[in-house]
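Summary of structural features
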Amino acid sequence: MIRNVLGSVVALVGAAAAVQSPFHSWYDDRLGRDYRIQDLFGGITGVSSSVMGSILLPFLFAALVTLVGVVLRSRRVVALAGLIVIGFTVLWMVRQGQDAGSLTVDGDGGGLRWGVAQALAGGLLLLLGALLMSGRRRAARTRRTAGPDPYPVPPEDHPDTWPPTQEPGPAAYTSPGPEPEADPYTGPGRHRAAPADEDTAPYPVQDGNTHPDQDDRQGRDRYHPPHP
């Protein structure tokens, strides 16, 4: 995030410098906005040009491309804007060198002037801004690698909420009553599970009989004994 902000600021400064450069002198006392855009392809002439038909036009286009790259956080788009500025500046230098025979910087203010240096500096700042930017893909890849937070921060109205149930209170459930104790008896028949249809109710003792199976063998009704 910080790299994107820093790179965007540097790129915008470079675009502003490039747009402002045609309003300064480029060669001798001639302003950059006096050079026609077609002179860059057909040769430098002494014909003056309108502002929108001058070398300012590609620089304005580069500034527009820079804005798109900053909004999209695209390093390639910002770098493309820097290449446009440097490319048209170098192209002008080639055409001007062909017309004048050579490119010089005289101590008395002749030759190349401040406008050309400002245009080149603006293009370099655009390239530097593209290098400083981290880009959109890397930020998206970082979020995809990190994944969602498994334990999000609880809201302010429920500070004691514990994930993942999102219910307030302790994480482990504790019973308010005492825990049941295990039966210490481990004798025979203790762990035999009663069948589903077996009556486990105690059998009443009558007529001296103490075992329910004994009544069954004698043909008596174990639930309705005979009356005396």
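In what follows, the accompanying structure is described. No experiment lies behind these values; they were computed from the predicted model shown.

1. Points about the nonpolar core
Grouped burial of nonpolar side chains is what soluble globular proteins tend to show. Judged by nonpolar contacts, the single largest core of 25 residues is most densely connected at W26, Y35, I55, F59, V85, W92 and L126. If you list the elements that add at least two residues to this core, you get α1 (2–20), β1 (25–27), α3 (56–72), α4 (75–100) and α5 (114–132). With five residues, the single largest contributor to this core is α4. Apart from residues no more than four positions distant in its own chain, I55 is found in contact with P22, W26, G32, Y35, L40, F88 and W92.

2. Things to note about unusual backbone geometry
Unusually for a residue other than glycine, D28 sits at a positive phi of about 60°. Its place among the elements puts D28 in the loop between β1 and β2 (30–31). Within the chain, R73 stands out as a residue other than glycine whose phi angle is a positive 55°. Checked against the element boundaries, R73 lands in the loop between α3 and α4.

3. Re a nonpolar patch on the surface
On the surface, a cluster of nonpolar side chains totalling about 540 Å² of accessible area is made up of L12, L64, L67, V68, V71 and L72. The biggest single contributor to the nonpolar patch is α3, with five residues. Within the element layout of this structure, V68 appears in helix α3.

4. Some details on the pattern of salt bridges
This model, assessed by the stated rule, comprises two salt bridges. Here R36 ties to D39 by a salt bridge, and the two come within 3.1 Å at their closest N and O atoms. With relative accessibility at 1%, the residue D39 sits in the buried group.

5. A look at α5
Each α-helix turn comprises 3.6 residues. Residues three or four places apart therefore point the same way. The first and last C-alpha atoms of α5 sit 26 Å apart over 19 residues, in line with the 27 Å expected at 1.5 Å per residue. Within the span of α5, buried status applies to G115, V116, Q118, A119, G122, G123, L126, G129 and A130. For α5, the secondary structure elements touched by its buried residues are α1, β1, α3 and α4.

6. Comments concerning the environment of S49
Here S49 shows up in the loop between α2 (39–42) and α3. Residue classification places S49 among the buried residues on the basis of a relative accessible area of 18%. Measuring from C-alpha to C-alpha, the distance between S49 and I37 comes to 8.3 Å, with 12 residues separating the pair along the chain. Dropping the residues within four chain positions of it, S49 is found in contact with R33, D34, Y35, R36 and S54.

7. Details of the packing of aromatic side chains
For the structure on display, the rule yields three aromatic pairs. For the ring pair Y35 and W92, a centre distance of 5.4 Å and an interplane angle of 80° mean the geometry is edge-to-face. Linking Y35 in the loop between β2 and α2 with W92 in helix α4, this pair joins segments that are 57 residues apart in sequence. Here Y35 matches W92 in class, with each residue buried. These aromatic residues form a ring-pair network of at least three members: W26, Y35, F59 and W92. Over the face of the ring belonging to Y35 we find R30, whose NZ or CZ atom lies 4.2 Å from the ring centre.

8. Some thoughts on the side chain of Q96
Along the polypeptide, Q96 turns up in helix α4. Other than its neighbours up to four places away in sequence, Q96 contacts Y27, Y35, I44 and L103.

9. Some words on the packing of α1 against α5
Taken N-terminus to C-terminus, the directions of α1 and α5 make an angle of 165°; their axes are 7 Å apart at the nearest point. Considered as vectors, α1 and α5 are oriented roughly antiparallel to each other. Seen from above, α1 lies across α5 with left-handed handedness. Contact with α1, carried on its side by R3, L6, G7, V10, A11, V13, G14, A15, A17, A18 and Q20, involves Q118, G122, L125, L126, L128, G129, L131 and L132 of α5 and no other residues of that element. Residue composition of the contact of α1 with α5, by class: 12 nonpolar, six polar and one charged.

About the criteria used
Residues numbered from 1 in each chain as written. Predicted model: local features only at pLDDT ≥ 70, side-chain atom pairs only at ≥ 80, totals over all residues. Heavy atoms only, no water. Core = buried A, V, L, I, M, F, W, Y, C linked by side-chain atoms within 4.5 Å. Buried < 20%, exposed > 50% of the residue type's maximum accessible area, 1.4 Å probe, protein only. Helix = DSSP H or I, 4+ residues; strand = E, 2+ residues; numbered from the N terminus. Contact = heavy atoms within 4.5 Å. Patch = residues over 30% accessible without salt bridge, like charges linked within 9 Å, V, L, I, M, F, W, Y side chains within 5 Å. Areas by Shrake-Rupley, 256 points an atom, 1.4 Å probe, with all protein chains shown as cover. Salt bridge = Lys/Arg side-chain N within 4 Å of Asp/Glu carboxyl O. Expected span 1.5 Å × (residues − 1). Phe/Tyr/Trp six-rings, centres within 6.5 Å; stacked < 30°, edge-to-face > 60°. Lys NZ or Arg CZ within 6 Å of the ring centre and 35° of its normal. Axes fitted to C-alpha atoms, helices over the stretch in contact; angles between N-to-C directions. Parallel < 35°, antiparallel > 145°, perpendicular 65-115°, else oblique. Left-handed = near helix turned anticlockwise from the far one by under 90°. Nonpolar A, V, L, I, M, F, W, Y, C, P; charged D, E, K, R; others polar.

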